[in-house]
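# Per-entry structural report
One-letter residues, chain by chain:
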Amino acid sequence: MNQPAISQTRPVVALMTDFGLGDGDVGVMKGVIAGIAPEANIIDMTHEIAPQHVASAAWILSIGYKYFPKGTVFVCVIDPGVGSSRGALAVHAGDWFFVGPDNGLFSYVYAEQPVHGAVRLENPAYQLPQVSSTFHGRDIFAPAGAYLARGVALDELGPEVDASTLQWIDVTPPERKKNYIDAGILHIDHFGNILTTIPLSLVPDLFDLASVSVEFPGKRTAVTQRRRFFAEDADDGVPFIYGDSSGYVGIAVRNGSAARTLGLSAGATMTFVIAEK
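Quick summary incoming for the structure in this document. (Residues numbered from 1 in each chain as written. Predicted model: local features only at pLDDT ≥ 70, side-chain atom pairs only at ≥ 80, totals over all residues. Heavy atoms only, no water.)

## Quick word on the overall build of the protein chain
- Helix and strand counts for the protein chain come out as 5 helices and 13 strands.
- Here the C-alpha radius of gyration of the protein chain, 21 Å, is about what a compact globule of 277 residues would show, namely 19 Å.
- Structurally, the protein chain occupies a C-alpha span of about 60 × 35 × 35 Å along its principal axes.
- Out of the 277 residues belonging to the protein chain, those deemed buried represent 48%.
- A separation threshold of at least 6 residues defines the contact pool for the protein chain, and within that pool the share at least 24 residues apart is 68%.
- Roughly 12,700 Å² of accessible area belongs to the protein chain as shown, and the carbon and sulfur atoms make up 50% of that amount.
- Both charge centroids of the protein chain, one from 19 positive and one from 29 negative side chains, sit 7 Å from each other. (Helix = DSSP H or I, 4+ residues; strand = E, 2+ residues; numbered from the N terminus. Rg over C-alpha atoms; globule rule 2.2 N^0.38 Å. Buried < 20%, exposed > 50% of the residue type's maximum accessible area, 1.4 Å probe, protein only. Contact = heavy atoms within 4.5 Å. Areas by Shrake-Rupley, 256 points an atom, 1.4 Å probe, with all protein chains shown as cover. Lys, Arg positive; Asp, Glu negative; His and termini not counted. Charge placed at Lys NZ, Arg CZ, Asp CG, Glu CD.)

## Details of the layout of surface pockets
- Roughly 550 Å³ of internal volume is contained in the largest pocket.
- As for the largest pocket, its lining consists of 27 residues, and the residues nearest its centre are Tyr108, Val171, Leu186, Thr197 and Tyr248.
- Secondary-structure elements contributing two or more residues to the lining of the largest pocket are helix H2 (54–64), helix H3 (107–112), strand E7 (180–188) and strand E8 (194–199).
- No other element matches the 4 residues that E7 contributes to the lining of the largest pocket.
- Residue composition of the lining of the largest pocket, by class: 15 nonpolar, 9 polar and 3 charged.
- The space that makes up the second largest pocket amounts to roughly 330 Å³.
- Lining the second largest pocket we find 13 residues, and of these Glu48, His187, Ile188, Asp189 and His190 sit closest to its centre. (1 Å grid on protein atoms, 1.4 Å probe; cavity = no way out; pocket = protein on both sides within 12 Å on 5 of 7 lines; lining within 4 Å. Points joined across faces, edges and corners; volume = space filled by probe spheres on them. Nonpolar A, V, L, I, M, F, W, Y, C, P; charged D, E, K, R; others polar.)

## Let's talk about helix H4 (residues 136–149)
- Spanning 14 residues, H4 covers 18 Å between terminal C-alpha atoms, matching the ideal 20 Å at 1.5 Å per step.
- If you look at H4, its biggest bend is around 30°, right at alanine 142, and the proline proline 143 turns up within four residues after that.
- When you tally the buried positions in H4, you get 13 out of 14 residues, the bulk of the element.
- With its phi angle positive at about 105°, glycine 151 sits one or two positions after the end of H4. (Expected span 1.5 Å × (residues − 1). Bend = angle between axes of the 7 residues up to and from the residue.)

## Structural notes on a negative patch on the surface
- Among the surface-exposed residues, Asp155, Glu156, Glu160 and Asp162 lie close enough to one another that they form a single negatively charged patch.
- As for its placement among the helices and strands, glutamate 156 is situated in the loop between H4 and E7. (Patch = residues over 30% accessible without salt bridge, like charges linked within 9 Å, V, L, I, M, F, W, Y side chains within 5 Å. Salt bridge = Lys/Arg side-chain N within 4 Å of Asp/Glu carboxyl O.)

## Structural notes on the nonpolar core
- Ranked by internal contacts, the top residues of the largest apolar core, which has 35 residues, are Met16, Leu61, Phe74, Phe98 and Phe106.
- With 6 residues, H2 is the single largest residue contributor to this core.
- Every residue in contact with leucine 61, bar those within four places of it in the chain, is listed here: Met16, Met45, Phe74, Cys76, Phe98, Leu105, Phe106 and Val109. (Core = buried A, V, L, I, M, F, W, Y, C linked by side-chain atoms within 4.5 Å.)

## Here we look at the sheet that holds strand E13 (residues 269–275)
- Strand order in this open sheet of 7 strands is E9-E13-E7-E8-E12-E11-E10, and the pairing throughout is mixed. Two strands in the sheet have a free side with no partner beyond their single neighbour: strand E9 (211–215) and strand E10 (225–226).
- On the sheet, H2 packs against E7, E8 and strand E12 (248–252) and is oriented at approximately 90° with respect to E7. (Pairing = 2+ DSSP bridges. Axes fitted to C-alpha atoms, helices over the stretch in contact; angles between N-to-C directions.)

## Overview of the pairing of strand E3 (residues 73–77)
- Of all 5 residues making up E3, 5 are buried, and the element is well covered by its neighbours.
- The alternating pattern of E3 places Val73, Val75 and Val77 on one face and Phe74 and Cys76 on the opposite face, and all of these are buried.
- When strand E1 (residues 12–17) meets E3, the two strands line up parallel, connected through 5 bridges. Within E3, the residue paired with methionine 16 across the bridge is cysteine 76.
- Pairing analysis gives 3 bridges linking E3 to strand E5 (residues 96–101), with the strands arranged parallel. Within the sheet, the bridge partner assigned to valine 73 lies in E5 and is phenylalanine 97.

Next up, the structure:
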């Protein structure tokens, strides 16, 4: 497998997990990486993914990975199937490498980038000597990411995997009908802003339409206001629709939490209703 040369001065290893920072798991993974590739620049993408929430993690990864240098190795551990028969992967896609469980975590990457190669992490020479059944982040994924950063070829880590067999979650964007879009909530961010499954490219006329509203099954309240930025109007606690920097339609409350105000969580469904001029 051909793969891009990784800088031997400061290769980048980016970490994403659902471990949080209250325990020592993240630090242990960094220690493993530093022991194998002491020259690596270890960057925390996030460790605050909602526990076991693969779909949210896949989306967060998708909006961030392209801002990292070519050759970055992403070690991603959101792994509700740890210890089961699910595969452990290293994938070369686009100009980057992705290490983690074969559970759909890299679905947006597969949709956006050519997959140049993928392997199962089965070579014990590139794992810790003792592999537990509950901490593959430490024992399998962190070592694999570190060895890739050190310049070990992808195919040294294990047998090749046919890219067509890699696990996906559904990342198909919703379809815009004549006057509505059936969609859902992808993610709730730290501020309580709601990120929907609607790409802004699907509604380039968002601020030119006569009116729009977002309606939620079982909720009496619809969101009808639109704002181009958070401080555009009064700090009135009313939810509004905006274009998020991630490239998706969002819903926010200025200086407040839209998710809490509307009583919503990731995975909820919604309908975006359009009235054209």
